[in-house]
6 protein chains.
Amino acid sequence: MRILYLDPVGQASFVGEIADSLAQVSRPDTQIDVISLQPDRPRHIEYHAYEALIIADLVRITYALNKNYDAIVIGCFYDVGLREVREVSGKAVVTAPCQSTTAIASQLGNTFSVLVGRRKWIPKMSENVRLYGHDHAMVSMRPLEIGVLEFQQDHDYTCDRMIVEGRKAVEEDGAEVIILGCTAEFGFHETLQDELGVPVIDAILAPFKYAEMLGETAKQFGWYPSRKWGSEAPPQDEIDSWGLFHDDLPEIKTLVSAKAERELA
Amino acid sequence: MRILYLDPVGQASFVGEIADSLAQVSRPDTQIDVISLQPDRPRHIEYHAYEALIIADLVRITYALNKNYDAIVIGCFYDVGLREVREVSGKAVVTAPCQSTTAIASQLGNTFSVLVGRRKWIPKMSENVRLYGHDHAMVSMRPLEIGVLEFQQDHDYTCDRMIVEGRKAVEEDGAEVIILGCTAEFGFHETLQDELGVPVIDAILAPFKYAEMLGETAKQFGWYPSRKWGSEAPPQDEIDSWGLFHDDLPEIKTLVSAKAERELA
Amino acid sequence: MRILYLDPVGQASFVGEIADSLAQVSRPDTQIDVISLQPDRPRHIEYHAYEALIIADLVRITYALNKNYDAIVIGCFYDVGLREVREVSGKAVVTAPCQSTTAIASQLGNTFSVLVGRRKWIPKMSENVRLYGHDHAMVSMRPLEIGVLEFQQDHDYTCDRMIVEGRKAVEEDGAEVIILGCTAEFGFHETLQDELGVPVIDAILAPFKYAEMLGETAKQFGWYPSRKWGSEAPPQDEIDSWGLFHDDLPEIKTLVSAKAERELA
Amino acid sequence: MRILYLDPVGQASFVGEIADSLAQVSRPDTQIDVISLQPDRPRHIEYHAYEALIIADLVRITYALNKNYDAIVIGCFYDVGLREVREVSGKAVVTAPCQSTTAIASQLGNTFSVLVGRRKWIPKMSENVRLYGHDHAMVSMRPLEIGVLEFQQDHDYTCDRMIVEGRKAVEEDGAEVIILGCTAEFGFHETLQDELGVPVIDAILAPFKYAEMLGETAKQFGWYPSRKWGSEAPPQDEIDSWGLFHDDLPEIKTLVSAKAERELA
Amino acid sequence: MRILYLDPVGQASFVGEIADSLAQVSRPDTQIDVISLQPDRPRHIEYHAYEALIIADLVRITYALNKNYDAIVIGCFYDVGLREVREVSGKAVVTAPCQSTTAIASQLGNTFSVLVGRRKWIPKMSENVRLYGHDHAMVSMRPLEIGVLEFQQDHDYTCDRMIVEGRKAVEEDGAEVIILGCTAEFGFHETLQDELGVPVIDAILAPFKYAEMLGETAKQFGWYPSRKWGSEAPPQDEIDSWGLFHDDLPEIKTLVSAKAERELA
Amino acid sequence: MRILYLDPVGQASFVGEIADSLAQVSRPDTQIDVISLQPDRPRHIEYHAYEALIIADLVRITYALNKNYDAIVIGCFYDVGLREVREVSGKAVVTAPCQSTTAIASQLGNTFSVLVGRRKWIPKMSENVRLYGHDHAMVSMRPLEIGVLEFQQDHDYTCDRMIVEGRKAVEEDGAEVIILGCTAEFGFHETLQDELGVPVIDAILAPFKYAEMLGETAKQFGWYPSRKWGSEAPPQDEIDSWGLFHDDLPEIKTLVSAKAERELA
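Residues numbered from 1 in each chain as written. Chains lettered and ligands numbered in written order. Predicted model: local features only at pLDDT ≥ 70, side-chain atom pairs only at ≥ 80, totals over all residues. Heavy atoms only, no water.

So, the overall build of chain A
A count of helices and strands for chain A gives ten helices and eight strands. In terms of overall dimensions, chain A has C-alpha extents of about 55 × 45 × 40 Å along its principal axes. Going through the 265 residues of chain A one by one, you find that 71% of them count as buried. A separation threshold of at least 6 residues defines the contact pool for chain A, and within that pool the share at least 24 residues apart is 74%. Surface accessibility of chain A: about 8200 Å² in total, with carbon and sulfur atoms responsible for 46%. Of note, chain A has its 25 positive side-chain charges centred 4 Å away from the centre of its 41 negative side-chain charges. (Helix = DSSP H or I, 4+ residues; strand = E, 2+ residues; numbered from the N terminus. Buried < 20%, exposed > 50% of the residue type's maximum accessible area, 1.4 Å probe, protein only. Contact = heavy atoms within 4.5 Å. Areas by Shrake-Rupley, 256 points an atom, 1.4 Å probe, with all protein chains shown as cover. Lys, Arg positive; Asp, Glu negative; His and termini not counted. Charge placed at Lys NZ, Arg CZ, Asp CG, Glu CD.)

Listed below in C-alpha cells is the structure:
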C-alpha cells in the first residue's frame, strides 16, 4: 500500500520526525511518502488565513498524485481542506486528524477531551467535532497555551502542561479518552497515557492507521470514495480547457519511504 | 460607506450586471467596488477544488484592502472562505449569501426552501445552514439542475424551472420563504415572488444590504468584528517576516462605483 | 421609512431616553414613533405573567397601526409576542432584541455570552436562543443580579457589574462577543466595549437597525413578511364579525419623531 | 382532587361535551370545573393573534383561583400560555395537550404522527414538540384541512379524513402512535384506534389524566411546581401595589362538577 | 389495577421497604406485586455487564406474566431492558425511573439535575436522558460517590451528601428540580425537598405513579402499547417452535400485595 | 493478531460462510475465531426480546476469553450488547457493524442510506445512528422486507430488492454511500456496488477490518479501551464472591482459524 502524508506547511521542521514515526509503525507492505510545501508557505497554520494560503497546494498535489496512492493523510488537526482534497483524490481515500481521532476515541470510551495548543483553535475545531457528530461526547477542549512551533522546543515543559491539563480533563471534565489536538503534539502520547491511565490518541498516528485501513478496504472491497452528488469530482474537460491545477505546482519533496528505510536497515 | 463585493471567479461574465444591480439598490452614501479574480481563475466554483484555488485570493485581497472598506461581501452561496476572510478583514465586517439569506428568511417566515443549481451543491450548503443554526427551519433544498454559468443563458427556461421547483417547495415542502441558492440566480426574485406569493430572497441583494447594515453599526456603535479567541488575527510580525500575503496578488479590477455612477447621472 | 418602537410596559420611565437614543442613530429618512402602554400596565415584564398582561396590547396596536409603518420593533429581550405580533403586522416587518442581537453577534464572532439581569430570565431567553438556532454559539448567560427598573438607577454600579461579569464571560467562558440581555441595559455598550475589547451588542440599537434594514428590503425588494402556512394572518371577516382587536385599545402616546426632531435642530 | 379545565375560547360550543367526557373518565374523588372565557373572546384560537387576546384571561383566572385546585388543564393543543400560567399557579400543577400527549406517546411507541387541523398550525406545534424534546420521534404532522369549529359538524367527514391521514401516517410515515392535534378532535380516538390498530391519543383526555396524576403526586409527595429561578412567581407586593390581575377578570362559568354529577346519578 | 414492580436484582435487600413504600402511596384499587430475581443474580447492577446478566430474566418474567398486569415497573434508573421488556409486555404498559422522572420534572420546572450514585453511571444515564429528549433541560448529573448498596446503610451520611450536592445543583448549576438517580435513594425526597426548596423526584414513586396513570389510560381509552413497526412483538409460532422464554425461568417471589395488606390492616 | 467474531445466534446457519469470508480478507497475521451460541438460542435476533436472551452469553464469552484476543466483533447490526461487552473486554477492543459502517461511510461520502431487512428494525437502528452522531448524514433507512433468515435463500430475489431500494436511496434520497444493515446481507456488496456506482459497505467486513485496525493500534500505541468513569470494569472481588459470569457458559465452537487455513492451503 502507498500512503501520502501531506504536511501542509513550508520549511516543515518536524517532517523528518513525523516520517520516522510513521515508518516505525507502518504495516510491512506500506510505503509512506511525506510531502511538505514550498519554503515560502507558512511554517504553521494556526491562523485560518494561513490555511487559505496552502489549501490550493493540497488540492493540486492531490490532483496530480492521487493515482500513485491508496490513501492520503492531511497532517493538520484543523482537517484543512478535507472536503476540497477529497473531491480530487480519485480512488485514493483521504483521512485527517480530527475526524480520525474522534472516530477512534468514540470506540474506546464514552467521552473525550481534546488538548489543543491555543484558545485560538477552539472554535474551528469545535465546529469540526460538531460536524462529525461527536460533540455530545466531547466534554472539553483544554488549551495548553503552547503554539504549534513550540511543542517540540522544551519537551519537559510541553509534557508537564499536557499532564496538568490532561489530568483536569479526566478528573474535572470526566474525559475517558484524551485526544492530542495538533500533529505537532507527537511523541508524548505514551508518557501521557502512563500518567493519566486513559488512552491518549495521537494526531499523526490515528489518521495514518485509519488511512491504512481505508486504503486496504478500498483495494479489497472497492470502497473507494463516492463520486456521487456532493462528492462528484470536477469534470476533466473543464480542468483541461481552463488550465486549472497545472500551473504553479509547489515543490514536492519526498522525504522518506518507510518501506525502503526498513528494507535497508 | 464603502463596500467591496468580492466576485470569487475569473473572467466573471456577470460582474457588470451584479455591479449594476447593487448600484441601483444601494443607499445614497454607499460606494461599491466590485472585484473579480485574475482571468486564469475558475469561471465558476461549483466544485470545492475550485474554491480551493481562489480562497487565497480572497484572503490576500481582503488583507491588502480592508482599510478601504467598511464591509466586504463574498459573492458565492458556498460562503467560500468566510472564516478565513473574516480573520484578516481588520475592522471591515464580512457577509456572505448563505448566512445573510437564511438570517433574513428566519425573520420573514417559519420555514424556507433553497433553490440550488445542482445536487452537487447540497451537502456543503446544508452543512453551512446547519452551522448557522437554521437547519430546523429549512424544509428542503431543491435542485434546478442548472449550472452556475447557465442561469443567465436562457432566462425563460431558468424562470420556468424556478417557478416549478419553487411551487413544489411551497406547496409540498411547506416553505414560507424561498431562498435563491446562487449569486448567479440574480434577476428573478421579483417574478418568482409574484408567481409564488411568498418572499424570495436574492443571494446578491441580501448579503449586500446586510453589509450596509453591519458597516453602519460598525461605524456608529463600534460593532467591529471581534478579534478575540478564535477571531484573533494573525500577528503582523509573522506576516511580515514570512512574507505572507504580499506576493502573487491577483489583478484587481474596480468595476463600478455606484455612488459615483449616480452622481454622474 | 417609518418605524414603530413598541415599549411593552406602562409608565415607561425609560421611553424618552430610548427615543432619544434611536433618534441619534437613525438614518436621515427614518421617522421613529415610540409607544408605551397604558399606565395600568406592568412597569416591567420580568415575569411571564406580566408578559401575558400586555401581549394583547401589542397585537392590537400592531393590527391597528401596521399600515403606517415599514417596520415594528418589540422592545423587550424576551421577544415578547413576536410570533403573535408578526401574524397581524401586514406588510410591516417585526424585529425583536434577542433575535436581532444573536443574528448580529453570529456575524462578528464565533461565540457570545448574554449579560442578563436576573437568573429568573434565563430559561425563557435560553429557549429563544435555542429556537433561533444560536445555542451552539452561546457560551453562557451571566446574571448581573440587577432588575429591569434598577439598571438606570446607579450607573456606576451597573457598569461595574457589567464589567465584572463581561470579563468573566470573555476570559472564563470564551465569549468573543457580548450581548446585553435587556433593553434597559442601554447606554453602557461603548464603555463596556472599551473595557472588554470585544463587540458589545445593545438590545435597543440592534433590533432598531435590523428593522431599518428589513424595512428597506421590504420596500425595495418586496421582502414583506410571508403570509403563507404558519404565517397566515387571521381572516378579516372573522375579525370583523367577532369584533376582535377593536375594543379596549390601549392609550397610544407618540413620544418622538426622530426625523422631525432633527429637522428642527 | 379538584381539577380546573380551562377552555380558552369564548362562546365555547364544545365545552359541555368536553365536561361530559371528563366526568365519565375521572377518578371517583376528582371534581372537575370547566371554564370558558367571556363571550367576546375568540371562538377558536387557530391564529396566534387570537391566542394573544386570551392569554391574560388564563393568567388572571389561574392567579385568582389556583388555591382551589390541585391541577389545571389548558385546553388547547398550542399549549397556549403554558409558561405564563405555570408562573402564577401557586401549588397547582398545570398540564397542556401537546406536552401531555407527546409524553404519553413516547411511552407507547417509538414514533408518532400528529393529525392537525390545518397547515397553519404546524410551525408553532412543531416548535413546541421540539422544545419538549420529542422532535426525533415525530415522523410527521399531517393536516386534515379541517378547522377547529368544523371538527364536530360532520362527524362522518371528520372521521373519514382522520382515517385517511392516520393510515398514511402509519403506513407511509412509520408512525407507531397517532396524536390528535386539537382538543376539538375529541370523540374519535376509539374509532380511529380500531381502524388503524395503533394507540390514538386524545388531546383532552391525555392532559386531564396527566393532571390527575400530577395533582396526586403533588399532594402525596410534595411535588408542587418549582418556584426557583425561571419558575419564580411574581412578588405579591408588586402585584398588589400595581393593581395587576385584579381588574377586568373575565366572566367565569362553572359548567359542571363531575363529582357532583355522578353523586347525583 | 394490578401493577408488577420488577426489582432487577437478586437477594434484594430493599425490596421489602420498596414494597411498603408503594403500598402506602398506591390508589385504593391498585394491587402491587413486587418481584426480585433469583438469589444468584447480582445484588446491584451498577455495571452494565451485570445488567446483561438479568435482562433475560426481565423479558421472561414479563412474557410469562404480562396478562396478569395492567402495568409493569422496571426498578432501576438505567431503565434496564426497557425496549426489550416493552416488546413482550402484551397489553401491559411498562415504565422505568429515568423516563418517568424526567417526564415529570419537565412539567414542574425548566431545568433539573440528577443526583447519581457514582460517576460510573453518568454516561449511560446521560445517553438515556438524551434519547428521551430532555438533555436540553438537564443542567448537571452530580455524583454522590455512594454505591447502590450503601445508600441505606448510613442514612445521615447519605442525606448529608444529598443536601450538599443538591444545593450545588440548585445554586451553582441552576436546577429548578432535583431527580434522585437511583431506586435505592428512596426515603430521602421529603427531607431533601424541605432543605432545598425545590421538588425532589423519587425514582421509585415516579415510575409507579406513572404506571398507575398509564395502566388506567390503557384500560379506559385503549391506550395499550403500540405493536406496530419497531414495537412489533415476536411471533408466537417462533417462540413456541424454538422453545424461547420457557426454560430457566427465575424464581419468582411475590413479596407483597399492597391492596391485601391494607385490607387486612 | 487474534480476533474473535461473535455470531450472536444459535444454530447459526451462516457462520461457516461468514468465517470463510473473513478468512479471505484478513491480514496475513490475523487469526480469526468465530463463535456462535448454544443451539437453544434464537436463530435470529430481529426482536429485541431475542437480543435479551443472548446478551448474557456475549458478556460471559467476552469475560472468559478476552485475554486471548486483541479485538472482538459483535456480529449483529443492532450492535447488541456493545456497551455491556465493552465493559468486560479487558484490553480487547470491541467493534460492531452499525458503529463501524457508519464511521467508514462518513469518510467516503457526505450522506448514506441503510438497507435494512424489515421496518421492525428501524427504530433501534435509528437510535444507534443518532447515538453515534451520524443522524445528520443518514438520508434514509429503506426496508427490503426480507427477514434475516431469508437473505441467503434466494440470492436473485435478495439482490434484485437491494438494487431496487439501493437505486431509490441514491437517486431519490440523495445517498452517496449505501450501508447494508444486517450481517446476513453478506455477499452482495460488490454486485450492488457495480450496479449503483457508489460504495456499498458490508456489515461483516467493516467491523472486522475496523477490529484489525483497533487491535493493531491497541498493541502498538497502547490504545486499549478506557477503563475510566463509565468504562470502569466490574470489580473482580464482586464477580468472584457473587459467582457471576462463571455458571452457565454457552457452548463455544471455534469454527475456523483463518491464519491456519491459509497456511495449510
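After that view of the structure, there is still more to cover.
Some details on the interface of chain A and chain B
Between chain A and chain B, the residue contacts involve 40 residues of the former and 40 residues of the latter. Buried surface at the junction of chain A and chain B, summed over both partners, amounts to about 3900 Å²; 59% is from carbon and sulfur atoms. In this assembly, chain A and chain B are joined by six salt bridges. Residue Arg83(B) is joined to Glu127(A) by a salt bridge in which the shortest nitrogen-to-oxygen separation is 2.7 Å. Counting every contact that joins chain A to chain B gives 21 residue pairs in polar contact (both at pLDDT 80 or more). Going through the elements one at a time, helix H2 (48-65), helix H3 (82-87), helix H5 (122-132) and helix H9 (236-242) of chain A are the ones with two or more residues in the side of chain A that touches chain B. Classifying every residue of the side of chain A that touches chain B by side-chain character gives 21 nonpolar, four polar and 15 charged. (Buried area = accessible area lost by both parts, 1.4 Å probe. Salt bridge = Lys/Arg side-chain N within 4 Å of Asp/Glu carboxyl O. Polar contact = N/O pair within 3.5 Å; in protein donor to acceptor, adjacent residues only side chain to side chain. Nonpolar A, V, L, I, M, F, W, Y, C, P; charged D, E, K, R; others polar.)

Re the domain arrangement of chain A
Residue and element names in this part refer to chain A. Here chain A is partitioned into domain 1 (2-96 + 206-263) and domain 2 (98-203). Computed over C-alpha atoms, the centres of domain 1 and domain 2 are 23 Å apart. Of the residues lining the interface, 22 residues belong to domain 1; the matching set on domain 2 comes to 28 residues. On the domain 1 side of the contact with domain 2, Phe-14, Glu-46 and Phe-77 bury the most area, a combined 36% of that side's loss. Here domain 1 and domain 2 share two salt bridges between them. Two residues, Glu-51 and Lys-124, come together in a salt bridge whose shortest N-O distance is 2.9 Å. Put simply, domain 1 and domain 2 have 15 residue pairs in polar contact (both at pLDDT 80 or more) between them. Elements with a minimum of two residues in the side of domain 1 that touches domain 2: helix H1 (15-25), H2, H3 and helix H8 (205-221). (Domains from an automatic or database assignment.)

Side note on the relation of the copies chain F and chain A
The transform that puts chain F on chain A rotates by 180° and translates by 0.0 Å along the axis, for an RMSD of 0.0 Å. Such values leave the two copies arranged in the relation of a two-fold axis. For chain F, the minimum C-alpha distance to the rotation axis belongs to Gly133(F) and amounts to 2.0 Å. Taken as a fraction of all interface residues of chain F, those also at the interface in chain A reach 100%, which identifies the copy contact as same-surface. (Least-squares fit on C-alpha atoms with pLDDT ≥ 70 in both.)

Digging into the interface of chain F and chain A
The partner chain A presents 55 residues to the 55 residues of chain F that form the contact. In total, about 4200 Å² of surface goes out of reach between chain F and chain A, with carbon and sulfur atoms giving 53% of it. In terms of surface lost to chain A, no three residues of chain F exceed Gln107(F), Phe221(F) and Trp223(F), which account for 20% of the buried area on that side. Across the contact surface, chain F and chain A share six salt bridges. For Glu216(A), the salt bridge is made with Lys209(F), and the minimal N-O distance between the two is 2.6 Å. On the surface where chain F and chain A come into contact, there are 33 residue pairs in polar contact (both at pLDDT 80 or more).

Some points on the pairing of strand S6 (residues 138-143) of chain E
Residue and element names in this part refer to chain E. Of all six residues in S6, five are buried, a share of seventy percent or more. The sheet contact formed by strand S5 (residues 112-116) and S6 spans five bridges and is parallel. Considered in S6, the bridge of Phe-112 is made with Met-138. Considered for its hand, the β-α-β crossover made up of S5, helix H5 (residues 122-132) and S6 is right-handed. (Pairing = 2+ DSSP bridges. Right-handed = clockwise from strand over helix to strand, strands pointing away.)

Looking at the packing of helix H4 (residues 97-108) of chain D against helix H8 (residues 205-221) of chain E
At a minimum axis separation of 12 Å, H4(D) and H8(E) run at an interaxial angle of 90°. On the basis of their axis angle, the class for H4(D) and H8(E) is roughly perpendicular. Where H4(D) abuts H8(E), its residues Ala103(D), Ile104(D) and Gln107(D) lie against Tyr210(E), Met213(E) and Leu214(E). Of the residues belonging to the contact of H4(D) with H8(E), the class tally is five nonpolar, one polar and no charged. (Axes fitted to C-alpha atoms, helices over the stretch in contact; angles between N-to-C directions. Parallel < 35°, antiparallel > 145°, perpendicular 65-115°, else oblique.)

Topic: the pairing of strand S1 (residues 2-10) of chain E
Looking along a regular strand, one sees the side chains alternate between the two faces of the sheet. Residue and element names in this part refer to chain E. Within S1, eight of the nine residues are buried, which leaves the element mostly enclosed by the surrounding structure. Pairing of S1 with strand S2 (residues 31-37), which is carried by seven bridges, proceeds in the parallel orientation. In the strand pairing of S2, Asp-7 is matched with Ser-36. Here S1 runs beside strand S3 (residues 71-74); their pairing, made up of four bridges, is parallel. Bridged to Tyr-5 within S3 is Val-73.

Structural notes on H8(E)
All names here are of chain E. Spanning 17 residues, H8 covers 24 Å between terminal C-alpha atoms, matching the ideal 24 Å at 1.5 Å per step. Here H8 lies mainly inside the structure; 15 of its 17 residues are buried. Taken from the residues just after H8, Gly-222 is the one with a positive phi, measuring 75°. (Expected span 1.5 Å × (residues − 1).)

A short note on the side chain of Thr217(B)
Position of Thr217(B) among the secondary structure elements: in helix H8 (residues 205-221). According to the relative accessible area criterion, Thr217(B) is buried, its value standing at 0%. A polar side-chain atom of Thr217(B) sits 3.2 Å from the main-chain carbonyl oxygen of Leu214(B). Those residues in contact with Thr217(B) that lie beyond four places of it in its chain are Gly222(B), Trp223(B) and Lys209(C).

Section: unusual backbone geometry
With a phi angle near 50°, Trp229(B) is a residue other than glycine that sits in the positive phi range. Within the element layout of this structure, Trp229(B) appears in the loop between H8 and helix H9 (236-242).

A short note on the pattern of salt bridges
Applying the stated criterion to the full structure yields 132 salt bridges over all chains. Across the pair Arg118(F) and Glu46(F) runs a salt bridge whose closest N-O atoms are separated by 2.8 Å. Within this pair, whereas Arg118(F) is found in the loop between strand S5 (112-116) and helix H5 (122-132), its partner Glu46(F) is found in the loop between strand S2 (31-37) and helix H2 (48-65), the two being separated by 72 residues in sequence. The same class applies to Arg118(F) and to Glu46(F), which are both buried. If you follow the salt bridges from partner to partner, you end up with Arg27(A), Lys209(A), Glu212(A), Glu216(A), Arg27(F), Lys209(F), Glu212(F) and Glu216(F) in one network.

Re the environment of Arg2(C)
All names here are of chain C. By secondary structure assignment, the location of Arg-2 is in strand S1 (residues 2-10). Accessibility expressed as a relative area gives 30% for Arg-2, which makes it partly exposed. Through-space distance from the C-alpha of Arg-2 to that of Asp-135 is 33 Å; in sequence the pair is 133 residues apart. With residues up to four places along the chain from it excluded, the contact list for Arg-2 reads Gln-31, Asp-33, Asn-68, Tyr-69, Asp-70 and Ala-71. Looking at Arg-2, its side chain comes within polar contact range of the side chain of Asp-33, at 2.8 Å.

Describing H5(A)
Residue and element names in this part refer to chain A. Of all eleven residues in H5, eight are buried, a share of seventy percent or more. When we look at burial in H5, the residues that qualify are Pro-123, Lys-124, Met-125, Asn-128, Val-129, Arg-130, Leu-131 and Tyr-132. Where H5 ends, the next residue or the one after it, Gly-133, has phi of about 90°, a positive value.

Regarding the sheet that holds S3(E)
Hydrogen bonds between backbone groups are what pair the strands of a sheet, and the pairing can be parallel or antiparallel. Residue and element names in this part refer to chain E. Read from one edge to the other, the open sheet built from four strands follows the order S2-S1-S3-S4, with strand pairing classed as parallel. This sheet does not close on itself; its edge strands, each paired only once, are S2 and strand S4 (93-95). Each adjacent strand pair in this sheet contributes to an overall mean axis angle of 20°, direction not counted. This element, helix H2 (residues 48-65), spans S1, S2 and S3 of the sheet and lies at about 155° to S1. Each of S1, S2, S3 and S4 is contacted by H8, which is oriented at about 165° to S4, the strand it contacts most.

Quick word on the packing of aromatic side chains
On inspection of all chains with the given rule, the structure shows 39 aromatic pairs over all chains. Between Tyr63(B) and Phe245(B), the ring centres sit 4.7 Å apart and the planes meet at 40°, which makes this aromatic pair tilted. You can see Tyr63(B) sitting in helix H2 (residues 48-65) and its partner Phe245(B) sitting in the loop between H9 and helix H10 (258-264), a full 182 residues away along the chain. Assessed through its relative accessible area of 5%, Phe245(B) is described here as buried. An angle of 50° between the planes, with centres 6.1 Å apart, marks the rings of Tyr50(C) and Trp242(D) as tilted. Highlighted residues: Tyr50(C) in helix H2 (residues 48-65) and Trp242(D) in helix H9 (residues 236-242), drawn from two different chains. You'll find Tyr50(C) and Trp242(D) in the same group, each marked buried. Cluster of aromatic residues (ring-pair linked, three or more members): Tyr47(A), Tyr50(A), Tyr63(B), Trp242(B) and Phe245(B). The positively charged end of Arg2(F) is found above the aromatic ring belonging to Tyr69(F), 5.0 Å away from the centroid. (Phe/Tyr/Trp six-rings, centres within 6.5 Å; stacked < 30°, edge-to-face > 60°. Lys NZ or Arg CZ within 6 Å of the ring centre and 35° of its normal.)

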